[in-house]
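Each chain, written out:
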Amino acid sequence: MSSTAVLAYADLLPDAFDLGVFDGDSSRATHLPHVAQQVALGEPLRIVAFGSSSTQGIGASTPAAAYPARLEALLKSALPHLSGGISVLNRGIGGEAVDEMMARLDRDVIGEHPDLVIWQTGSNDALRGISLDHFREETEAAVRRIREAGIDVVLMEPQWCPRFDATPGAYRFRDAVRQIGDNLEIPVIRRSSLMRSWITQAKLTHTELFAADGLHMADRGYDLLAQAAAEDVLRGAAVKVAETEAVED
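Residues numbered from 1 in each chain as written. Predicted model: local features only at pLDDT ≥ 70, side-chain atom pairs only at ≥ 80, totals over all residues. Heavy atoms only, no water.

**What about the overall build of the protein?**
- Regarding its fold elements, the protein presents 12 helices and 5 strands.
- Across the 249 residues that make up the protein, the buried fraction comes to 54%.
- Here the analysis covers contacts within the protein between residues at least 6 apart in sequence; of these, 78% occur between residues at least 24 apart.
- For the protein, the accessible surface area stands at approximately 10200 Å², while carbon and sulfur atoms represent 50% of it. (Helix = DSSP H or I, 4+ residues; strand = E, 2+ residues; numbered from the N terminus. Buried < 20%, exposed > 50% of the residue type's maximum accessible area, 1.4 Å probe, protein only. Contact = heavy atoms within 4.5 Å. Areas by Shrake-Rupley, 256 points an atom, 1.4 Å probe, with all protein chains shown as cover.)

Rendered as structure tokens:
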């Protein structure tokens, strides 16, 4: 199947897919060549969701409500010609910072031979007082290793949450993820900005966004995060996503 033939599938996305959150200009949002190739050829698409508790799904009511599971379902709906061959592997482990994730990079990421890695990182490093320079150096090294293995990379920055607001310097890790994206020309899902926008645009309430611990996301927040990630995967694969007005719940 040609890449032109798959453009219409983006129309199957929910109307709420109105916000692109890739860092940088629109031309950078097409820098997922391996994903684009799989979609254009109608070949299976394999994604690893790599990260800590927000990827594992802490705060979600069930594993099916975590963002990786929701992302898989949304991509299958948007790309039905790949529906039997789209998999999103959840490789999130709660509490991990960059060193723990680096220790399992080969096994849980590169060894899975995915077409794309969505790496959610920086949250625990900020909360545990990890050196910002160390975080930046290790993250950049890992991104290079992933890309050298022929795998596309999207970074996901830390969340906006009360715990981060109360932790001095925590948002420097958010900014570091954005800077790494700029330096290495890697798309970044600006989760912190997204979460703030969902509240200001009244897409959901604080109670719907956050779990009871005030740190992790709840089901509705994970669902919106999956929608944003799905939209950006399609954009990164050069699949046209129509701009639509968000519908009210």
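More follows now that the structure is in view.
**So, the sheet that holds strand β5 (residues 188-189)**
- Ordered by their spatial adjacency, 5 strands build an open sheet running β2-β1-β3-β4-β5, and the pairing between neighbours is parallel. Both outer strands of the open sheet, β2 (86-92) and β5, are each paired with one neighbouring strand and no more.
- Judged from the 7 bridges that link them, strand β1 (residues 45-51) and β2 form a sheet pairing that is parallel. Each residue of the ladder has a partner; that of I47, found in β2, is V88.
- Against the sheet, helix α1 (residues 33-41) touches β1, β3 (116-120) and β4 (152-156), its axis set at about 115° to β4.
- Across the sheet, helix α3 (residues 67-78) lies against β1, β2, β3 and β4, angled at about 170° from β2, the strand it touches most. (Pairing = 2+ DSSP bridges. Axes fitted to C-alpha atoms, helices over the stretch in contact; angles between N-to-C directions.)

**Quick look at helix α9 (residues 171-184)**
- End to end, α9 covers 20 Å across 14 residues, agreeing with the expected 20 Å (1.5 Å per residue, within 8%).
- By the burial criterion, the buried members of α9 are Y171, F173, R174, A176, V177, R178, I180, G181 and L184.
- Of the surrounding elements, those touching the buried residues of α9 are α6 (123-127), α7 (132-148), β4, α8 (162-165), β5 and α10 (191-200).
- Two residues or fewer past α9, E185 is found with a positive phi of approximately 55°. (Expected span 1.5 Å × (residues − 1).)

**A few points about the pattern of salt bridges**
- Under the criterion given, the structure shown has 15 salt bridges.
- Among the salt bridges present, the one from D106 reaches R145, with a minimum N-O distance of 2.5 Å. Taken together, the residues D106 in helix α5 (residues 105-108) and R145 in helix α7 connect sequence positions 39 residues apart.
- On the basis of relative accessibility, which here comes to 30%, the residue R145 falls in the partly exposed class.
- When the shortest N-O distance is used, the salt bridge between R107 and D108 registers 2.7 Å.
- Note on R107: relative accessible area 57%, which makes it exposed. (Salt bridge = Lys/Arg side-chain N within 4 Å of Asp/Glu carboxyl O.)

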